[in-house]
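Fold and geometry: a report
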Amino acid sequence: MGAIGSLKTPMITPAKLELDGQVYELPTLRGTEGEPAVSIAALRDKTGHITLDDGYSNTGSCRSAITFIDGEKGILRYRGIPIEELAEKSTFVETAYLLIYGNLPTRAQFRAFSGMLTDNENLHEDMKYHFEGFPSTAHPMAILSAMINASSCFYPGLNGPRNADRFDVHAARLISQVRTIAAFSYRKSRGLPIIYPKRAYKYTANFLHMMFSDPYEDYNLQPEIVRALDLIFLLHADHEQNCSTATVRMVASSQANLFACAAAGVCALWGPLHGGANQAVVEMLQEIHKSGDDGSKFIAAAKDKNSGRRLMGFGHRLYKNYDPRATIIRKACDQILKRIQVADPLLDIAKRLEEAALNDPYFVERKLYPNVDFYSGIIMRAVGIPLEMFTVIFGIGRMPGWIANFKEIMEDPKGRIYRPRQIYVGSGLRHYVPLEQREQ
Ligand code: CMC
């Protein structure tokens with residue numbers, strides 16, 4: 001299958017660093033889009049110093065050929081192709097192939113890839129019993145992570161050294177089965193019978209079928225709804241070194257298996273500052289709607305550091321401009337709601353909030369714009385996805401990106417375990433005091 005992009009980076013003039021009166025040269029390099037970097041890998045050996053970068057604001061943790069983001073210009077490209085083109089012309093499955101294998105598939109490659117997804121869509125039948133152990137109140141992200149890990153137990157070969165020969169099938173299995181696990185966990189949480197996948201359905205249609213069909217009546221698959229959800233999956237498919245992808249790479253660097261890495265990715269994604277923001281946005285909009293506020297009270301609270309509140313779906317570590325995914329989703333939101341004739345008051349509230357925030361000096365000065373999560377929940381509501389499943393949808397979408405990053409780690413001949421350093425700020429040397437001598 002298609003080759004992964006080159007990880008080579010041309011060198012530029014070395015940087016000079018002066019420390020305690022001594023000048024050190026540090027190698028520099030540029031990414032293919034011109035982003036310059038200083039390599040500090042040998043800094044400690046040369047100088048005794050480490051670098052400190054809380055929250056990794058300025059740390060490149062790897063070289064990657066998968067996704068390019070220019071946050072200042074609002075650019076996002078998968079394997080060089082602008083997200084806008086993929087959103088308009090591609091599908092989630094085709095984009096998944098592009099991310100994992102580096103190029104758009106030929107017809108034969110696409111047929112083989114989708115065939116593998118279909119062949120691997122069923123969970124091992126014994127997996128059904130694992131779902132029984134969760135209370136109906138369990139969050140589907142907890143179930144998703146646990147079940148991805150549990151399903152790895154059914155494929156003992158997964159733990160072989162690096163697994164390169166079986167990678168294609170493991171990757172297809174994971175992309176396909178994560179959707180089956182997600183739908184089963186939803187059915188279980190509602191006390192509904194499990195619906196098995198149908199071979200005849202394509203990826204996203206099959207997910208909707210497993211979520212909403214009944215044993216006695218198939219769900220009416222409307223093309224607009226299938227397309228809208230497929231777009232949501234596609235727009236979430238990768239986003240370079242975000243919290244969950246960095247987690248996947250971290251776990252992969254220890255040579256853990258693909259399923260273990262994905263399960264860890266799900267846990268990182270769950271938090272409200274990351275993937276959990278899509279659920280938090282709709283909860284925020286519902287709260288505003290219920291209170292009858294026009295949003296101004298909420299904006300005031302989001303600006304007040306003591307309130308503990310943030311305008312969810314706003315701001316991004318990289319984008320200091322519009323998140324291009326948000327622009328696409330906002331437009332899709334208007335179209336899909338119109339086409340399926342849904343009038344959602346939350347969409348009006350979201351638009352009012354966006355306008356108010358974009359005209360407010362607090363948000364303008366900090367360059368806080370709507371991100372992917374600001375409007376995605378409104379589409380998901382419109383197509384019938386329950387609130388607690390929003391982050392799961394993000395997780396299904398992000399799977400190809402995690403797999404592509406896992407593959408990059410697996411194929412890197414110079415790969416080393418990820419192991420950051422720290423600046424210790426705890427107590428100096430002290431000695432053990434026996435219990436009876438300690439003051440109460
Ligand atoms: N509402 C109010 N203030 C905000 C917000 C917000 N949504 N986001 C950032 N700020 C403020 C923050 O308080 C800080 O102010 P100051 O400089 O006065 O201390 C400044 O903007 C910079 O924020 P930061 O926390 O240093 O930025 P970050 O890069 O560490 O965090 C973020 C990025 C996405 C976690 C943050 O913007 C946020 O919490 N947003 C809301 C949650 C959200 O929508 N998350 C989804 C992110 S996109 C999809 C994904 O990755 O999953």
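All figures in this text were calculated on a predicted structure; none of them were measured in a lab. (Residues numbered from 1 in each chain as written. Predicted model: local features only at pLDDT ≥ 70, side-chain atom pairs only at ≥ 80, totals over all residues. Heavy atoms only, no water.)

1. Quick look at the overall build of the protein
Counting secondary structure elements, the protein contains 18 helices and six strands. Relative to its length of 440 residues, the protein is compact, with a C-alpha radius of gyration of 23 Å against a globular reference of 22 Å. Across its three principal directions, the C-alpha atoms of the protein cover 75 × 65 × 55 Å. Burial analysis of the protein (440 residues in total) assigns 48% to the buried set. (Helix = DSSP H or I, 4+ residues; strand = E, 2+ residues; numbered from the N terminus. Rg over C-alpha atoms; globule rule 2.2 N^0.38 Å. Buried < 20%, exposed > 50% of the residue type's maximum accessible area, 1.4 Å probe, protein only.)

2. Some remarks on the site of the ligand
Near the ligand you find 22 residues, and of these His 274, Arg 310, Leu 311, Gly 313 and Arg 317 are the closest. Interatomic distance of 3.1 Å between a side-chain N/O atom of Lys 305 and an oxygen atom of the ligand. Contact distances for the ligand include 2.8 Å between a nitrogen atom and a side-chain N or O atom of Tyr 362. For the ligand, whose free accessible area comes to 930 Å², the fraction covered by protein is 76%. Class assignment of the residues belonging to the shell around the ligand gives a composition of eleven nonpolar, six polar and five charged. (Near = heavy atom within 4 Å. Polar contact = N/O pair within 3.5 Å; in protein donor to acceptor, adjacent residues only side chain to side chain. Areas by Shrake-Rupley, 256 points an atom, 1.4 Å probe, with all protein chains shown as cover. Nonpolar A, V, L, I, M, F, W, Y, C, P; charged D, E, K, R; others polar.)

3. Considering helix H9 (residues 223–235)
Compared with an ideal rise of 1.5 Å per residue, which puts 13 residues at 18 Å, H9 spans 18 Å between its outermost C-alpha atoms and is within 8% of the ideal. Buried residues of H9: Ile 225, Val 226, Ala 228, Leu 229, Asp 230, Leu 231, Ile 232, Phe 233, Leu 234 and Leu 235, and no others. (Expected span 1.5 Å × (residues − 1).)

4. Some words on the sheet that holds strand S6 (residues 81–82)
The antiparallel open sheet is built from three strands, whose spatial order is S4-S5-S6. Each edge of the open sheet is held by one strand with a lone partner, namely strand S4 (67–70) and S6. Where strand S5 (residues 75–78) and S6 come together, two bridges link them in antiparallel fashion. Residue Tyr 78 lies in a different strand from S6, and its bridge partner there is Ile 81. (Pairing = 2+ DSSP bridges.)

5. Re the packing of helix H6 (residues 140–152) against helix H7 (residues 167–189)
The angle between the axes and the distance between the axes are what describe a pair of packed helices. At a minimum axis distance of 10 Å, the contact between H6 and H7 shows a crossing angle of 135°. Taken together, the axes of H6 and H7 lie oblique to each other. The way H6 lies across H7 gives a crossing that is right-handed. Along its contact with H6, which presents Pro 140, Ile 143, Leu 144, Met 147, Ile 148 and Ser 151, the element H7 presents Leu 174, Gln 177, Val 178, Ile 181, Ala 182 and Ser 185. (Axes fitted to C-alpha atoms, helices over the stretch in contact; angles between N-to-C directions. Parallel < 35°, antiparallel > 145°, perpendicular 65-115°, else oblique. Left-handed = near helix turned anticlockwise from the far one by under 90°. Contact = heavy atoms within 4.5 Å.)

6. Some points on the packing of aromatic side chains
As enumerated under the stated definition, the model contains 18 aromatic pairs in all. Between Tyr 97 and Tyr 101, the aromatic rings sit 4.8 Å apart at their centres with planes inclined by 45°, giving tilted as the arrangement. Here Tyr 101 and Tyr 97 lie together in helix H3 (residues 92–101), a separation of four residues that amounts to about one turn. The same class applies to Tyr 97 and to Tyr 101, which are both buried. Taken together, the ring pairs connect Phe 314, Tyr 362, Phe 363, Phe 374 and Tyr 375 into an aromatic cluster. Seen from the ring of Tyr 155, Arg 173 lies directly overhead, with NZ or CZ sitting 3.8 Å from the centre. (Phe/Tyr/Trp six-rings, centres within 6.5 Å; stacked < 30°, edge-to-face > 60°. Lys NZ or Arg CZ within 6 Å of the ring centre and 35° of its normal.)

7. Thoughts on a nonpolar patch on the surface
Where nonpolar side chains cluster on the molecular surface, the patch consists of Leu 52, Ile 423 and Val 425 and spans about 340 Å² of accessible area. Its place among the elements puts Val 425 in the segment after helix H18 (390–411). The exposure class of Val 425 is exposed, given its relative accessible area of 74%. (Patch = residues over 30% accessible without salt bridge, like charges linked within 9 Å, V, L, I, M, F, W, Y side chains within 5 Å. Salt bridge = Lys/Arg side-chain N within 4 Å of Asp/Glu carboxyl O.)

8. Description of H3
Of all ten residues in H3, nine are buried, a share of seventy percent or more. Buried residues of H3: Phe 92, Val 93, Thr 95, Ala 96, Tyr 97, Leu 98, Leu 99, Ile 100 and Tyr 101, and no others. Once H3 finishes, Gly 102 follows within two positions and takes phi at roughly 95°, a positive value.

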